[in-house]
Structure formats: C-alpha cells, structure tokens
Amino acid sequence: MSVLQKAIESGAFAVTAEMAPPKGTDFSEQLAAARLLEGKVHAVNVTDMQSACLKASSLGLCVHLKQAGLEPILQITGRDRSRMAIMSDVLSAASFGIDTVLALTGDHPVVGDCRDSKPVYDLDSVGILRMLSTMEETGADCGGNPLSGGAPRLFKGAAVTPVYEPRALQINKLRQKVDAGARYIQTQGVFDLEQLEGFLEDVEKAGIRVPVMAGIIPLKSAGMARFMNENVPGIAVPEEMIARLDAAAAEGKEKGVKGLPAKLGMEMAARMIAEIREKKLCPGVHIMAIGAEKNVPAILDMAGVHIAL
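Conventions used here
- Residues numbered from 1 in each chain as written.
- Predicted model: local features only at pLDDT ≥ 70, side-chain atom pairs only at ≥ 80, totals over all residues.
- Heavy atoms only, no water.
- Helix = DSSP H or I, 4+ residues; strand = E, 2+ residues; numbered from the N terminus.
- Expected span 1.5 Å × (residues − 1).
- Buried < 20%, exposed > 50% of the residue type's maximum accessible area, 1.4 Å probe, protein only.
- Disulfide = S-S within 2.5 Å.
- Pairing = 2+ DSSP bridges.
- Right-handed = clockwise from strand over helix to strand, strands pointing away.
- Phe/Tyr/Trp six-rings, centres within 6.5 Å; stacked < 30°, edge-to-face > 60°.
- Axes fitted to C-alpha atoms, helices over the stretch in contact; angles between N-to-C directions.
- Parallel < 35°, antiparallel > 145°, perpendicular 65-115°, else oblique.
- Left-handed = near helix turned anticlockwise from the far one by under 90°.
- Contact = heavy atoms within 4.5 Å.
- Nonpolar A, V, L, I, M, F, W, Y, C, P; charged D, E, K, R; others polar.

Moving on: helix α5 (residues 125-138). The terminal C-alpha atoms of α5 lie 20 Å apart, and with 14 residues this matches the ideal 20 Å at 1.5 Å per residue to within 8%. Among the 14 residues that make up α5, ten are buried, leaving the element largely enclosed by the rest of the structure. Every buried residue belonging to α5 is among Ser125, Val126, Gly127, Ile128, Leu129, Met131, Leu132, Ser133, Met135 and Glu136, and all of these are buried. Positive phi shows up at Gly139, right after α5, with a value of about 70°.

If you want it as structure tokens, here you go:
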C-alpha cells in the first residue's frame, strides 16, 4: 500500500515534498536532496516537465528515488502522451513498486522551452484518472485487453487551485476528479489561510469528501513573490508578505548579511504549516521548495512537524 495513503488513512499529518528531474542525465543533485528528505516526508512528487520545460522523465527520477529508499509520486500530464503511453508508463512504474500517482492536464508547450513540440492532450487530468480507475476495475488496458499479472492498485491524486474565480468552476472540476477516482488532492501554493479555509468550507458544502493537502511554497525573495503573482495562475502572495521580504532584503544589505529574505520565507512557510496542523485545516501539506529541497527538513523542524514511517 502507498506510504502516503497509509499516512492519510491513519490520521497522521501527511507531508510530501516536490522535486524536478534534471535537464540532462546527471541525477546527483536530486539524489543528494533525497538523502536529506529521507525520514522527513512521506513521499516526494516528481514533476512531469513542469511549466512545459524539457527535463528527464518523472518515471526516471521516481525509479532513482525508489531505489534510494524514498516513496515517489509519479506525476502524469496529458500534454505529451497518448493514453497508451500514459498507461505504459504507469505499468512500468508499478513494476518498480511505485503505486502513488498525481494526474495533471499539463501546461501547453507554447509556455515552455521547446515550443515547436506538438501537444497531445489525448486525455486531461480527469480522463487520466478515469482510465486508471477503469484499469483497476477491469484488469484490462485502455483497449480492453487483459493485463498479465492483473492491474496495479494505485493511490491516485489530483491538483486544485483554491485561488480561482469563479470558485464554483474549480469546485465542479474537483468533483469530476474525485468522481473519476482521485483519492487525495494537493493544492496550488497558498499564502492566505483564511482564503484556504473559505475554499475548504465550500468543498465541504458541495458534499465532496476527499483529503486536501495544502500546497506550501517557501518564498525566497520579494522578486520571486511578485513574479509568481504576475505569471503563475492561481498564486496570490499578499502584499504584506512581499513588504516583509523587501524589508528583510534591505536589512541584509545594511548589515552585509546574505539570505535574510530566504530565511524569512522559510519561517513564514513553517508558521503556515504549524497553523494548518494546529487548526486541523488539512490532513497534511505539500511543500514545493522549487530547487531548495535541502531546506524542507529545517522548515518542518521550525513547524514542529516530525513524521513516523
């Protein structure tokens, strides 16, 4: 059974991190980060060419992480693969004991770094979930052909964006994902817990019963926050946070101390995690450190979160 599934179903505070494969064949940086994350998180999401930028495959790094003793989450987008290719990757992953997946539609190649690439979009996130659920129920592939050894049993997840207007559309899409087989949800990065609480209340009112893990992005600078506000759909960093990061940068410049904004960003992330846990807003958090995975253990220590595997 999926380690993340066990954590969520046991009532433990679930923690996942996120990691991108390399743009090339050298996985040493990712494996070094993996050693720091071991025993600190229940699982690690491996992105599938996030923002439509070419990287090694999610499956490739998932296998490396599995062999290193961590539980990987295979991210699957519909952007680059037909249903046959998606199912082929899932079956290969299952052969390595990788049983947790996250289905995404995927950003269009026009926003990435290989813009001549042709998008596929045979299936969106809902279609991927539905196909995998049908596979589990029937023991057959996407063409109705029996699978040798039977179908793998997967802990299937999806993503949601709490900061989205009109919210009713996001709630409706969430319902479709859950109906298609999503058994856990991870949110886009949140920075306003009152806003998150309002979204979760609407999810409950809609009668949707699914564990929702809050997405946490430790900010590194005011510039990073402004960039995300302007360029990343669903991200809304409050001006108060940006002002504090600006002040930390000014203090660091005055004192000749580097890294104060990043340190503050870690502290703000830790406080949000601690509050989410104390108020029981969510059954867990998904930490997206964006290249600074080495900081995740320190953030969890500051939040007072220590997991038991």
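All right, on to the state of the cysteines then. Here the structure, examined in full by the defined rule, presents zero disulfides. Of the cysteine sulfurs around Cys53, a residue in no disulfide, the closest is that of Cys114, at 8.1 Å. For Cys114, a relative accessible area of 35% corresponds to the partly exposed category.

This part is about the pairing of strand β2 (residues 43-46). Burial along β2 is two-sided: the face carrying Ala43 and Asn45 and the face carrying Val44 and Val46 are both buried. Sheet analysis places strand β1 (residues 14-19) next to β2, joined by four bridges and oriented parallel. Bridge pairing in β2 places Ala17 opposite Val44. The handedness of the β1 to β2 crossover, carried by helix α2 (residues 28-37), is right-handed. Traced from β2 through helix α3 (residues 58-67) to strand β3 (residues 72-77), the parallel crossover comes out right-handed.

So, on to the packing of aromatic side chains. Under the defined criterion, the tally for this structure stands at one aromatic pair. For the pair Phe155 and Tyr184, a centre-to-centre distance of 4.9 Å together with 25° between the ring planes defines the contact as stacked. Here Phe155, found in strand β5 (residues 155-160), pairs with Tyr184, found in strand β6 (residues 184-189); they are 29 residues apart in sequence, far enough to count as distant. You can call Phe155 buried: its relative accessible area is 2%.

Attention now goes to the pairing of β3. Counting buried residues in β3 gives six out of six residues, a clear majority hidden from the surface. As paired strands, β2 and β3 are joined by three bridges and run parallel to one another. Its bridge partner being in β3, Val46 is matched across the sheet by Leu74. With four bridges joining them, β3 and strand β4 (residues 100-104) adopt parallel strand pairing.

It is at 11 Å that the axes of helix α4 (residues 83-95) and α5 come closest, and there the two elements cross at 55°. As judged from the angle between their axes, α4 and α5 are oblique. Relative to α5, α4 is oriented so that their crossing is right-handed. Counted together, Arg83, Ile86, Met87, Val90 and Leu91 of α4 and Ile128, Met131, Leu132 and Met135 of α5 form the full contact between these two elements. Classifying every residue of the contact of α4 with α5 by side-chain character gives eight nonpolar, no polar and one charged.

The eight strands are arranged β1-β2-β3-β4-β5-β6-β7-β8 in a closed barrel whose pairing can be described as parallel. Across the sheet, the axes of successive neighbouring strands diverge by a mean angle of 30°, strand direction being ignored. Its contacts with the sheet place α3 against β1, β2 and β3, and it is angled at close to 175° to β3. Helix α10 (residues 260-279) contacts β7 (212-216) and β8 (284-287) of the sheet and is inclined by roughly 165° relative to β7.

When you line up the elements, Asn45 lands in strand β2. Asn45 sits in the buried class, given a relative accessible area of 0%. In this view, Asn45 contacts Thr16, Ala17, Glu18, Met19, Ile73, Gln75, Leu102, Gln186 and His286; residues no more than four positions away in its chain are not counted.

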